[in-house]
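Structural overview for review
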Protein chains: 2
Amino acid sequence: MEEKMKLLQEQEELCTEHPHHSGLILEEMQEKMPSSVELERTAELFKVLGDPTRMQILTALFTQELCVCDISDLLGMSQSAISHQLRLLRNSRLVKNRREGKSIYYSLDDTHVATIIAQGLEHIRHGNL
Amino acid sequence: MEEKMKLLQEQEELCTEHPHHSGLILEEMQEKMPSSVELERTAELFKVLGDPTRMQILTALFTQELCVCDISDLLGMSQSAISHQLRLLRNSRLVKNRREGKSIYYSLDDTHVATIIAQGLEHIRHGNL
DNA sequence: GGAACATATGAGCAATCGTTCATATGAAAA
DNA sequence: TTTTCATATGAACGATTGCTCATATGTTCC
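Rules used throughout
Residues numbered from 1 in each chain as written. Chains lettered and ligands numbered in written order. Predicted model: local features only at pLDDT ≥ 70, side-chain atom pairs only at ≥ 80, totals over all residues. Heavy atoms only, no water. Core = buried A, V, L, I, M, F, W, Y, C linked by side-chain atoms within 4.5 Å. Buried < 20%, exposed > 50% of the residue type's maximum accessible area, 1.4 Å probe, protein only. Contact = heavy atoms within 4.5 Å. Helix = DSSP H or I, 4+ residues; strand = E, 2+ residues; numbered from the N terminus. Pairing = 2+ DSSP bridges. Least-squares fit on C-alpha atoms with pLDDT ≥ 70 in both. Salt bridge = Lys/Arg side-chain N within 4 Å of Asp/Glu carboxyl O.

The next point concerns the nonpolar core. Grouped together as the largest cluster of nonpolar side chains are 61 residues, with contacts concentrated most on F46, L49 and L58 of chain A together with F46, L49 and L58 of chain B. Setting aside its immediate chain neighbours within four residues, L58 of chain B contacts L49, L89, L94, V95, L108, V113 and I117 of chain B.

Quick look at the pairing of strand β3 (residues 103-108) of chain A now. Residues and elements named next belong to chain A. Counting buried residues along β3, five of its six residues qualify, which places the element largely inside the surrounding structure. In this structure, strand β1 (residues 66-67) lies alongside β3, joined through two bridges in antiparallel fashion. Directly across from C67, in β3, lies its bridge partner Y105. Direction of pairing for strand β2 (residues 95-100) relative to β3: antiparallel, over a ladder of six bridges. Bridge assignment links K96 to a residue of β3, and that residue is S107. In sequence, β2 turns back onto β3 through a hairpin of two residues, with G101 there showing a positive phi of about 65 degrees.

Before going further, it helps to examine the relation of the copies chain B and chain A. Here the second copy of the chain follows from the first by a rotation about an axis and a shift along it. After a rotation of 180 degrees and a shift along the axis of 0.0 Å, chain B superposes on chain A with an RMSD of 0.0 Å. Accordingly, the operation relating the two chain copies is best matched by a two-fold axis. A share of 100% of interface residues in chain B that are also interface residues in chain A marks the association as one of identical surfaces.

Now for the pattern of salt bridges. Counting across every chain of the model gives six salt bridges over all chains. E100 of chain A is paired through a salt bridge with R98 of chain A; the nearest N and O atoms lie 2.8 Å apart. A salt bridge links E38 of chain B to R125 of chain A, with the shortest nitrogen-to-oxygen separation between them at 2.5 Å. Residue E38 of chain B is located in helix α3 (residues 36-49), and its partner R125 of chain A is located in helix α7 (residues 111-125); the two belong to separate chains. Judged by relative accessible area, which is 49%, R125 of chain A ranks as partly exposed.

Here the focus is the environment of S107 of chain B. Residues and elements named next belong to chain B. In this structure, S107 sits in strand β3 (residues 103-108). As for S107 and F46, which are separated by 61 residues in sequence, their C-alpha atoms are 19 Å apart. In this structure, S107 is in contact with L61, E65, L94, V95 and K96, ignoring residues within four places of it in sequence.

Okay, here's the thing in structure tokens:
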């Protein structure tokens, strides 16, 4: 534990001897960067988008409102699997739902999401990854 | 195995009895959706963005080029951990590197990435998640 | 050449994830 | 009220993830 701290300290001293590596610059950078809370939440958002099943669900909802069994049919996956994923999407406020009789209909909750996904798709289509 | 297929089949038949649930519509939707390959790659991209450490690295590089030990110092994490994450970012073509003496300097490889991250941050800042 | 430094990489391990299976909830139909 | 259909949820399991530790690679300075 203490050894680890000491090692890090040594490493920092060594590294700050580089011409452009003063402690001040590092501190400045930390200030310029988005707050760690914001970064964590953004990472959380991307993590939710970072699964093929959830991406399929979202792009399906991009077109129109769908109930759980629709999505289940469309993706050829079990109702339970879809339901679990929808809960994650709901918790991240990416989708909302409405009840109609026995069925529950899901739709996109936010316009930004479609934009972000479109941007991701474009990035992919332009040769990267 | 066969039972599972049968169950899915039954479920599909039941669900397609809803007024708007014809097999045709499902097929149309599948055609409209981005190809599953594209979706998988996009999910892969978001998965890489979906980790706080990697997000911190990328936002740090947003400002300027940095060598590994800079990033290591800035985030207060081990050189090895950073190096492993940089490999992922490299494989996804999100960062590129250049050697200068003993050090290796990393920078953003793509302009889209900054846009996507900015959009994610905006989504977060506007109350969601 | 060898020592010192900067980075990369492989194995290993705890933690997290995405699914399945069984079951619970809740609304409609009989 | 009982049955049936649509969805939700908890436990459990294998797969993946992100780190650490030890070590390898590659560069510079002596």
